[in-house]
Amino acid sequence: MSPISPAAKFSDPRVQPDISYHPDEARWQARTARRLTENSDLPKTPLPAGFPAKVDSPLVWEGNDWKSESQWVYNLSAEELKEIDDAVKHFHNTGLHTGLASPTTFPLPTLGPVLRALSEELHNGRGFFVLRTIPIESYTRSDIVLLYAGISSHIAPLRGLQDANGGVISHIKDLSATFTPDKIGGPAYTTDKQVFHTDQGADIVSLFALETAKEGGVSRIAEPWDVDEFGKTPQGYTSRPLLYHHDNRIIIQYARRYFTGFQGLPRSPGIPPITEAQAEALDALHFLAARFSLGLNFQKGDIQFINNLSVFHARDAFRDDEKQQRHLLRLWLRDPVLGWEIPNELKPLWERTFDVKPEEQTFALDPVIRDAVKGRRVDARN
């Protein structure tokens, strides 16, 4: 086989485009200009069959549409905080496993209906909200995990697996000083910027801030091929769309690192390259999301909930110091009543995520990272 010249590689289907995890705006603009030079009719390309020309939904918004935190932050009252504290004590008296935390076993008589209304907003309204603020210092780590599971059960009672050991909670924290890059597959465990994405296989992503960064780490959200699943199938990858029009809703499931790799999980060499058109689309997703995004003032003790089927999330790079280190807890959730109908192509992901019985769920109290290929987890060293 003859070598491929630098000029020819831009259109050669055998070559992965020049695209990395961190989007490069100049490279994106150059790619777009080059493709328009090759075919000026590209903007006239019709939408896929069945996709609407315009989406009319509360989920269609721009960051500038939101003028005040009061539009998305629910401030917990002293009475509601006491109700949460009473629920923690009630659950302890039951002697139940934490996986059995539910609206019944973690009762919130007055706050519960409020949380259900906020769940409705998640599913059929703007698609995000923040609860403010849980007094972190008042609880042990195990009780923090319990109250997080209990409160979230009123939003969406089904918790999803985040590792192969029954783990339904993840600690999002910089572990780069503890582990070498080949052990860290995603930017969640570094201080690096996370580009706009959705998590895989869950309706709702929730984050609970145990501590914020010394500097940076702003949480951002935005309303918006073939997927590299890193060895989860016999051929090493699966093929499915990223964007769906299903049950009169626009659904997206997308993470850039599956196409580009990141540190310890480089793109697998046996996976077919994406096209120049697909590379341009990936960059367009990121830069349009960044343009219209909303930065959330995520404070210690806040719990954030995001519709993971239709709202991107991202994170700025950050800096910790010895006294203040960014530390979040994460849950993947689904509500069987309000949850959206899942496209057939995505159902195997959902079945895998939510294939865990409550009594089999595990709740790590300290940071761990998962082997993203085999689902193993590696405990952080003290």
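Residues numbered from 1 in each chain as written. Predicted model: local features only at pLDDT ≥ 70, side-chain atom pairs only at ≥ 80, totals over all residues. Heavy atoms only, no water.

As annotated in an unreviewed UniProt entry, the protein chain is TauD/TfdA-like domain-containing protein from Candolleomyces eurysporus.

Some thoughts on the sheet that holds strand E15 (residues 294-296)
The sheet built from four strands is open, its strands ordered E5-E17-E8-E15 with antiparallel pairing. Looking at strand neighbours, the two that pair on one side only are strand E5 (194-197) and E15, the edges of this open sheet. Within this sheet the neighbouring strands show an average axis-to-axis angle of 20°, counted without direction. Bridge count for strand E8 (residues 219-222) against strand E17 (residues 312-315) is four bridges, and the pairing is antiparallel. Across the sheet, Arg-220 pairs through a bridge with Ala-314, a residue of E17. The strands touched by helix H6 (residues 276-291) within the sheet are E5, E8 and E17, with E5 carrying the most contacts at an inclination of about 95°. (Pairing = 2+ DSSP bridges. Helix = DSSP H or I, 4+ residues; strand = E, 2+ residues; numbered from the N terminus. Axes fitted to C-alpha atoms, helices over the stretch in contact; angles between N-to-C directions. Contact = heavy atoms within 4.5 Å.)

Points about the environment of Ser-310
You can see Ser-310 is positioned in the loop between strand E16 (303-307) and E17. A C-alpha to C-alpha distance of 8.8 Å links Ser-310 and Arg-249, two positions 61 residues apart in sequence.

Section: the environment of Leu-161
Looking at the element boundaries, Leu-161 is found in the loop between strand E3 (158-159) and strand E4 (170-173). A relative accessible area of 17% places Leu-161 in the buried class. Remark: the alpha-carbon pair of Leu-161 and Gly-201, spanning 40 residues in sequence, is separated by 9.5 Å. (Buried < 20%, exposed > 50% of the residue type's maximum accessible area, 1.4 Å probe, protein only.)

Focus on the side chain of Arg-35
Inspection of the secondary structure assignment puts Arg-35 in helix H1 (residues 25-38). When its relative accessible area of 17% is taken as the criterion, Arg-35 is described as buried. Residues in contact with Arg-35, not counting those within four places in the same chain, are Leu-42, Glu-276, Ala-277 and Glu-280.

As for the pairing of E8
Pairing of E8 with E15, which is carried by three bridges, proceeds in the antiparallel orientation. Bridge assignment links Ile-221 to a residue of E15, and that residue is Leu-294.

Here we look at the environment of Asn-248
Residue placement: Asn-248 occurs in the loop between strand E11 (243-246) and strand E12 (249-252). On the basis of relative accessible area, Asn-248 is assigned to the exposed category, the value being 73%. Put simply, Asn-248 and Glu-341 are 93 residues apart on the chain and 9.9 Å apart in space, counted from C-alpha to C-alpha.

So, the packing of aromatic side chains
One pass over the full model with this rule turns up nine aromatic pairs. Here the aromatic rings of Trp-28 and Phe-287 are separated by 5.0 Å at their centres, their planes lie at 15°, and the arrangement is stacked. For the pair shown, Trp-28 and Phe-287 are each scored as buried. Look at Trp-72 and Phe-128: their rings are 6.2 Å apart centre to centre, the planes differ by 50°, and that puts the pair in the tilted class. (Phe/Tyr/Trp six-rings, centres within 6.5 Å; stacked < 30°, edge-to-face > 60°.)

Concerning the pattern of salt bridges
Enumeration over the complete set of coordinates arrives at 23 salt bridges. Linking Asp-366 and Arg-141 is a salt bridge whose minimum nitrogen-to-oxygen distance equals 3.9 Å. Looking at Arg-141, the relative accessible area reads 30%, which means it is partly exposed. Among the ionic pairs, Lys-300 bridges to Glu-211, the shortest N-O distance being 3.4 Å. Where salt bridges share partners, they join Arg-31, Arg-34, Arg-256, Glu-276 and Asp-283 into one cluster. (Salt bridge = Lys/Arg side-chain N within 4 Å of Asp/Glu carboxyl O.)

Remarks on helix H3 (residues 111-124)
If you check H3, its first and last C-alpha atoms are 20 Å apart, about what 14 residues at 1.5 Å a residue would give, namely 20 Å. Looking at H3, one finds that the buried residues are Leu-111, Gly-112, Leu-115, Leu-118, Ser-119, Leu-122 and His-123. Within H3, the buried residues cover an arc of 140° as seen down the axis, which keeps them to one side. (Expected span 1.5 Å × (residues − 1). Arc of directions from axis to C-beta.)

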